[in-house]
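Topology and contacts: notes
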Number of protein chains: 2
Amino acid sequence: MARYEQIASDLRDAIVRGDYRIGAQLPSEAELAARYGAARGTVRQAVALLAAEGLVGSRQGARRIVLGTERSQSFAELHSFAQWARSMGYRASGTVLSSERRPCSPVEAARLSLEPGEEVLAVLRLRRLDGEPVLVERTVYAGWIAPAVERLDPDCESVTQELYESVGLVFAYGEHLIDAVAAGSEDARLLGVRRGSPLLRQRRVTTNQEGRPVETSDDRYRAGSVTFSIRNSTSANPLVRRAGD
Amino acid sequence: MARYEQIASDLRDAIVRGDYRIGAQLPSEAELAARYGAARGTVRQAVALLAAEGLVGSRQGARRIVLGTERSQSFAELHSFAQWARSMGYRASGTVLSSERRPCSPVEAARLSLEPGEEVLAVLRLRRLDGEPVLVERTVYAGWIAPAVERLDPDCESVTQELYESVGLVFAYGEHLIDAVAAGSEDARLLGVRRGSPLLRQRRVTTNQEGRPVETSDDRYRAGSVTFSIRNSTSANPLVRRAGD
DNA sequence: AGCTCTGGCTTGTTTGTACAAGTTCGCCTA
DNA sequence: TAGGCGAACTTGTACAAACAAGCCAGAGCT
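Residues numbered from 1 in each chain as written. Chains lettered and ligands numbered in written order. Predicted model: local features only at pLDDT ≥ 70, side-chain atom pairs only at ≥ 80, totals over all residues. Heavy atoms only, no water.

Comments concerning the side chain of A:Arg12
Short version of the rule: Numbering of helices and strands runs from the N terminus; a helix is a DSSP stretch of H or I covering at least four residues, while a strand is a stretch of E covering at least two. Pairing of N or O atoms within 3.5 Å defines a polar contact, subject to two protein rules: one partner must be a possible hydrogen donor and the other a possible acceptor, and residues neighboring in sequence count only if both atoms are side-chain atoms.
The residue A:Arg12 is located in helix 1 (residues 3-17) in this model. In this structure the side chain of A:Arg12 is engaged in a polar contact, spanning 2.3 Å, whose partner is the side chain of A:Glu53.

What follows is the structure, encoded as structure tokens:
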């Protein structure tokens, strides 16, 4: 772990622990540098990390202030349902309902940077939290990763983790589109809700470290089961609105 | 504008223009430093900015790669419906349907860091895109900003901009919770949809530069009208899932 | 009392240097 | 030809120094 990550971690712990309340001032960079025996640049990297997490804010000339005291999760916890669930103290389970190879559609070809008609693997999964079905996942994997996905246990808990362990695949970047849709008949049946009831939809494309697309997915959460949360600031703003579809 | 912002802007333009395709490699830091006549540290700040926007990704040892070519918008465009709409080429309008001062609820007190029972201003607005109603906004303003809000034109297009111009208020930090809910009877009537139909809900708390909470809001978008989009990576991840409510 | 202004403090930007760590690709060998 | 090895390249981390720009409180003035 890098020095600046250690410092960030230490400060984050202090904030989460309540040493610094919301609205309180953090020590100055010079003071932190002296305390940790590090250069000011290193301290700046540390607080930049906290700022990116939305824990602290800053303005030129004034001390940094604490904006929040909740720890935000890692990329893995956003991407992987199972890892997120575990970190929140839930028991996640899931079942593969269907899995088939087929030629990709033009839309999928564009999303996954494939040639039109290239073979992909389409998987339908139902995910549960503490036994309750909360998520219908319709995932399309690029052909080159399909064999590894097919080797997975149908009841495999964390696909992300299994793929990392079996073939070293790392999900590194993702683009996510979030909106609300009405439950279709299949959604309704699987999630145990009425047809037309509101679902939170997350469509995503994920790529590996090299920027090669791995999978695209349409995930639908039962209303009330899951909420997405983001913090933003004038300096860091990842979430944007988009016109419908 | 700082040097690193100029460089970032120049690179972003090149990416958006298509000089670098998705998956292509960016020049090395040393090369960029030479090209712009800047130190490597400055170039690193520039590309860090692009990485935060999700345009480029990087791994130690390998050239940076282009992940996307779409420009993501600024904080203001996430926060301000009107500014976002304008940047997307839509015509935004809105109407204040009701506005009343009242003591705050315990929940509101906690969100806005107020004393229980302190006075707040509750405003109900209907927002339209190109004349079509798409958003019901139920906003609660902290008492100290209420007078400035009440002075606004009821049909005021951009509240954010007006408040900045009239009292210099800047919305600097925000926390947003996104989920799906069924339309209530009031929502349904205002948006022209059936009761129970899916809406995309965004609840937020916004604070000014000093970390002082300004407003909290419950915004409900008609399904299909607006989609939230975020890019994330292993290094930068602002969006997280949360258990329901 | 209320106001202005200034000096010290704090964060923002930039440059330069050095080394660590991971990737890539060509060369050499088995 | 296939695989291993290593050199060159590229990004990551850390330190040091200097100046710019904005904030704030206290001194001094009206």
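Some words on unusual backbone geometry
This is how the line gets drawn: Exposure categories follow from relative accessible area, calculated using a 1.4 Å probe and restricted to protein chains: below 20% of the type maximum is buried, above 50% is exposed, and the middle band is partly exposed.
The backbone phi angle of A:Ser113 is positive, close to 55°, even though this residue is not glycine. Along the chain, the position of A:Ser113 falls in the loop between helix 6 (106-112) and strand 4 (119-129). In this structure A:Ser113 comes out as exposed when scored by relative accessible area, which is 52%. Within the chain, B:Asp130 stands out as a residue other than glycine whose phi angle is a positive 50°. Inspection of the secondary structure assignment puts B:Asp130 in the loop between strand 4 (119-129) and strand 5 (132-142). By relative accessible area, which is 40% here, B:Asp130 ends up partly exposed.

Regarding the environment of A:Ile7
All names here are of chain A. To keep it simple, the criterion reads: In this analysis, two residues are considered to be in contact whenever any of their non-hydrogen atoms come within 4.5 Å of each other.
Relative to the elements of secondary structure, Ile7 occurs in helix 1. As for Ile7 and Val43, which are separated by 36 residues in sequence, their C-alpha atoms are 7.2 Å apart. If we skip the residues at most four places from it in the chain, Ile7 touches Tyr36, Ala38, Thr42 and Ala46.

Side note on the protein's contact with DNA strand D
What counts, and what does not: When we say a residue is near a molecule or strand, we mean one of its heavy atoms is within 4 Å of it. Classes in brief: Ala, Val, Leu, Ile, Met, Phe, Trp, Tyr, Cys and Pro nonpolar; Asp, Glu, Lys and Arg charged; the others, Gly included, polar.
Taken together, 22 residues sit near DNA strand D, with A:Arg3, A:Thr42, B:Arg40, B:Ala62 and B:Arg63 positioned nearest. Among atoms of DNA strand D positioned within 4 Å of the protein, sugar and phosphate together represent 72%. Here a phosphate oxygen of DNA strand D and a side-chain polar atom of A:Tyr4 are 3.1 Å apart. Within the side chain of B:Arg63, a nitrogen or oxygen atom sits 2.5 Å from a phosphate oxygen of DNA strand D. When residues of the surface near DNA strand D are traced back to their parent elements, those giving at least two are helix 1 and helix 3 (40-52) of chain A together with helix 3 (40-52), strand 1 (56-59) and strand 2 (62-66) of chain B. Per element, the largest residue contribution to the surface near DNA strand D is 3 residues, and it comes from strand 2 of chain B. Across the surface near DNA strand D, the residue classes tally to 6 nonpolar, 7 polar and 9 charged.

Considering the pattern of salt bridges
All names here are of chain A. Applicable threshold: Whenever Lys or Arg places a side-chain nitrogen within 4 Å of a carboxyl oxygen from Asp or Glu, that contact is recorded as a salt bridge.
Scanning the entire structure with this criterion turns up 47 salt bridges over all chains. Salt-bridge contacts for Glu186 lead to Arg138; the nearest nitrogen and oxygen are separated by 2.8 Å. Of this pair, Glu186 sits in helix 9 (residues 185-191) while Arg138 is found in strand 5 (residues 132-142), placing the two residues 48 residues apart along the sequence. Relative accessible area serves as the criterion here: at 31%, Glu186 is assigned to the partly exposed category.

Let's talk about the protein's contact with DNA strand C
Taken together, 23 residues lie around DNA strand C, and A:Arg40, A:Gln60, A:Arg63, B:Arg3 and B:Thr42 are the ones closest in. Counted by atom, the contact set of DNA strand C within 4 Å of the protein is 72% sugar and phosphate. For DNA strand C, a phosphate oxygen lies 2.3 Å from a polar atom in the backbone of B:Arg3. Here a sugar or linking oxygen of DNA strand C sits 3.0 Å away from a polar atom, N or O, in the side chain of B:Gln60. Broken down by secondary-structure element, the contributors of at least two residues to the surface near DNA strand C are helix 3, strand 1 (56-59) and strand 2 (62-66) of chain A together with helix 1 (3-17) and helix 3 of chain B. Of the residues that constitute the surface near DNA strand C, the class distribution is 6 nonpolar, 8 polar and 9 charged.

Topic: the side chain of B:Arg125
Residues and elements named next belong to chain B. Along the chain, the position of Arg125 falls in strand 4. With a relative accessible area of 5%, Arg125 lands in the buried category. One polar contact links Arg125 to Tyr141, side chain to side chain, over a distance of 3.2 Å. Excluding anything up to four places from it in sequence, Arg125 contacts Thr95, Val96, Leu97, Leu135, Val136, Glu137, Thr139, Tyr141, Val149 and Val159.

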